[in-house]
Every structure is written in C-alpha cells, then in structure tokens.
Amino acid sequence: MEFIIDTADLKAIRRIVEFFPVIGVTTNPTIISKEKTDFKQLALDLREAVGPDKQVHIQTTSEKAEDIVAEAKALYDLVGGEFYIKIPIGAEGLKATMMLKGSGIGVTMTAIHTPQQALQAALAGATYVAPYVNRLDNVCADGVGVVADIVTIFDAYGLDCKVLAASFKNVQQVHECALCGGHAVTINPDLYDQLVYHPLTDKAIVDFTADWKSVYGDKGSLDLI
Ligand code: G3P
C-alpha cells in the first residue's frame, strides 16, 4: 500500500518525508491556494521538498481537453521526475487522459465519487483514481464502500489502475481503506502522526525508560558496550 502526503506546505512535506515511508505528494487548487505564493516556484519547491525519486501530483486548472494536455506537458517539463497530472473526472478530462497516453505523463483522475466514474477513468488510461472518502461520508454515502467497490471492479476486469483514496479526516477511514484493498492513500501531515499514536505505546516507552534508568542511570546501551 502506498502512502502519499496531501499538502503543499513545504516544511510539513520535508518532515513527513524524513520520518514516514511515503512515495510522494499530492496537491489540488485549494491546497496550492492556501500557500498564497508564486505558483511556478511552489511547483519547483514541491519537487525539491519531496525529492527527485518521489511522485508529484499537481491538478489541472483547465477545462478543455486540449488545454489540460498542454498544461500537463508544461508542468511535466517544469517539475520533472515521476509527475502526475490530476484531472477531475468528466468528459473533457477523459478525453485529455486518452490524449496523454504514451506521453510519459501519468494521470490521477480526481474528484471521484462513484465506482462508475472510476471505471471510466481506468478505461481511459488513468494510472490512479482518487475517490474522496470523507466528503462521501459527510453526505452519508459510505466513502470506504465506494473505495471497496472500485477495488472490486478493477480486480474483476484486471484493470491496471490504482485506487488512491483521498479526503481523510481520521485513522479509521485510512484503516478501512487498507482492509478493503485500496492501493494508496493521500493524507494530510497531521494524520501521519495520528497513524502511529497510541497511549499504550507512550506508556510502554515511559516504562521501558524508567526501568532502564533504575539500574543504569543516564547511561545508554551505547555507553555500556
Ligand atoms: O484532493 C482531494 C483531497 O485532498 C480532498 O481532501 O480534505 O478537502 O476533502 P478534503
């Protein structure tokens, strides 16, 4: 299962890349806008922050297929490496996805809210589809259930497309995506810390430290070998 960071906050990206086994960064126009900075420089900084060997996903701001393709090529040239153009699902987006086949530019088809949208995206040639789990949960539409249905359909037809679930607000949603075979998730930096938090883990570490110090004081094992 792949983990990706859903932010354009460069400091947060650098921290998560250092401490967690992530494979890249995703953004969307809302996430980019939050940084209130020069877009071109931010796109370059995203590549630098995440590293040359990891994925960068940036979303198109165009509506017509030909414009989406031109934007994808310009961003690919600018950012380099493993680059994915995020394209919202729709007729123009599907056309752009088919036009980009063989270009070397991956497509992450985003704003997916139904399995049939995902199926069209996969058939058009998208590398990833991004269903929005929490936004579906917010309208009582079972976000993880949609992810599970997409996985089932992709498996049934042997489609070479990964489910990159997005829009998470808690660890339980991530956990359920993992259980149902979701191939990837993109989550915000705060949620990474929640993924590994448990009060019993904290207590265990406190107890280990106290027990050690009761015998060896402030010396660590390195001081004793
Ligand atoms: O890009 C999709 C994802 O980031 C949306 O997340 O939290 O705005 O629902 P959210």
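Read on for a plain summary of the structure. (Residues numbered from 1 in each chain as written. Predicted model: local features only at pLDDT ≥ 70, side-chain atom pairs only at ≥ 80, totals over all residues. Heavy atoms only, no water.)

A few words on the nonpolar core. In this structure, I85, M109, V129, F154 and F168 are the most contacted members of the largest nonpolar core, which totals 61 residues. It is helix α8 (residues 143–156) that contributes the most residues to this core, 7 residues altogether. Apart from the residues lying within four places of it in its own chain, the contact partners of F168 are V133, N134, Q173, V174, C177, V185, T186, I187, N188 and L191. Listed in part, the 5 residues of the second largest apolar core include I4, Y84, Y128 and L164. (Core = buried A, V, L, I, M, F, W, Y, C linked by side-chain atoms within 4.5 Å. Buried < 20%, exposed > 50% of the residue type's maximum accessible area, 1.4 Å probe, protein only. Helix = DSSP H or I, 4+ residues; strand = E, 2+ residues; numbered from the N terminus. Contact = heavy atoms within 4.5 Å.)

Let's shift gears to a negative patch on the surface. A grouping of D137, D142, D149 and E176 is seen on the molecular surface, where their side chains present a negatively charged patch. Mapped onto the secondary structure, D137 falls in helix α7 (residues 133–138). (Patch = residues over 30% accessible without salt bridge, like charges linked within 9 Å, V, L, I, M, F, W, Y side chains within 5 Å. Areas by Shrake-Rupley, 256 points an atom, 1.4 Å probe, with all protein chains shown as cover. Salt bridge = Lys/Arg side-chain N within 4 Å of Asp/Glu carboxyl O. Lys, Arg positive; Asp, Glu negative; His and termini not counted. Charge placed at Lys NZ, Arg CZ, Asp CG, Glu CD.)

Bringing the site of the ligand into the picture now. The full set of residues close to the ligand is D6, N28, K86, Y132, R135, S167 and K169. One nitrogen or oxygen atom from the side chain of N28 is found 2.8 Å from an oxygen atom belonging to the ligand. Take K169: an N or O atom from its side chain is 2.8 Å from an oxygen atom of the ligand. With respect to the pocket detection grid, the ligand is positioned in the largest pocket. Class assignment of the residues belonging to the shell around the ligand gives a composition of 1 nonpolar, 2 polar and 4 charged. (Near = heavy atom within 4 Å. Polar contact = N/O pair within 3.5 Å; in protein donor to acceptor, adjacent residues only side chain to side chain. 1 Å grid on protein atoms, 1.4 Å probe; cavity = no way out; pocket = protein on both sides within 12 Å on 5 of 7 lines; lining within 4 Å. Sits in = over half its atoms within 2 Å of the grid points. Nonpolar A, V, L, I, M, F, W, Y, C, P; charged D, E, K, R; others polar.)

Turning to the sheet that holds strand β7 (residues 162–165), a few remarks are in order. Read around the barrel, 8 strands follow the order β1-β2-β3-β4-β5-β6-β7-β8 and close on themselves; strand pairing throughout is parallel. Here the strands of the sheet are splayed against their neighbours by 25 degrees on average, with no regard to which way each runs. As judged from the 4 bridges shared by strand β1 (residues 2–6) and strand β8 (residues 184–187), these two strands associate in the parallel manner. In the sheet register, F3 faces β8, and the bridge partner there is V185. (Pairing = 2+ DSSP bridges. Axes fitted to C-alpha atoms, helices over the stretch in contact; angles between N-to-C directions.)

For the rest of this paragraph, the subject is a nonpolar patch on the surface. Residues W212, V215, Y216, L222, L224 and I225 make up a contiguous nonpolar surface patch of about 700 Å² in total accessible area. Going through the elements one at a time, α11 (199–216) and α12 (221–224) are the ones with two or more residues in the nonpolar patch. The leading source of residues in the nonpolar patch is α11, at 3 residues. Its location among the elements puts W212 in helix α11. A relative accessible area of 34% places W212 in the partly exposed class.

On to the layout of surface pockets, then. Here the largest pocket defines a volume of roughly 470 Å³. Lining of the largest pocket is provided by 23 residues; of these, D6, N28, I31, R135 and S167 occupy positions nearest its centre. For the lining of the largest pocket, the element with the highest residue contribution is helix α2 (residues 29–34), accounting for 3 residues. Considered class by class, the residues forming the lining of the largest pocket number 8 nonpolar, 9 polar and 6 charged. (Points joined across faces, edges and corners; volume = space filled by probe spheres on them.)

Next up on the list: unusual backbone geometry. Glycine aside, the phi torsion of most residues is negative, and most peptide linkages are trans. One non-glycine residue, C140, adopts positive backbone phi at about 55 degrees. Among the secondary structure elements, C140 is positioned in the loop between α7 and α8. Residue D142 is not a glycine yet carries a positive backbone phi of 55 degrees. As for its position among the elements, D142 is in the loop between α7 and α8.

Moving on, we come to the packing of aromatic side chains. Enumeration according to the criterion identifies 4 aromatic pairs in this entry. When the centroid spacing of 6.4 Å and the interplanar angle of 65 degrees are considered together, the rings of F3 and Y192 count as edge-to-face. One end of the pair, F3, is in strand β1; the other, Y192, is in helix α10 (residues 189–195), and 189 residues separate them in sequence. The class of F3 is partly exposed, set by a relative accessible area of 21%. Y192 gets classed as buried once you look at its relative accessible area, which sits at 1%. An aromatic cluster is present here, built from F3, F20 and Y192 joined pairwise through their rings. (Phe/Tyr/Trp six-rings, centres within 6.5 Å; stacked < 30°, edge-to-face > 60°.)

Another aspect to go through is the state of the cysteines. Evaluation of the coordinates by the stated rule reveals 0 disulfides. There is no disulfide at C161, and the cysteine sulfur nearest it, in C180, is 14 Å away. (Disulfide = S-S within 2.5 Å.)

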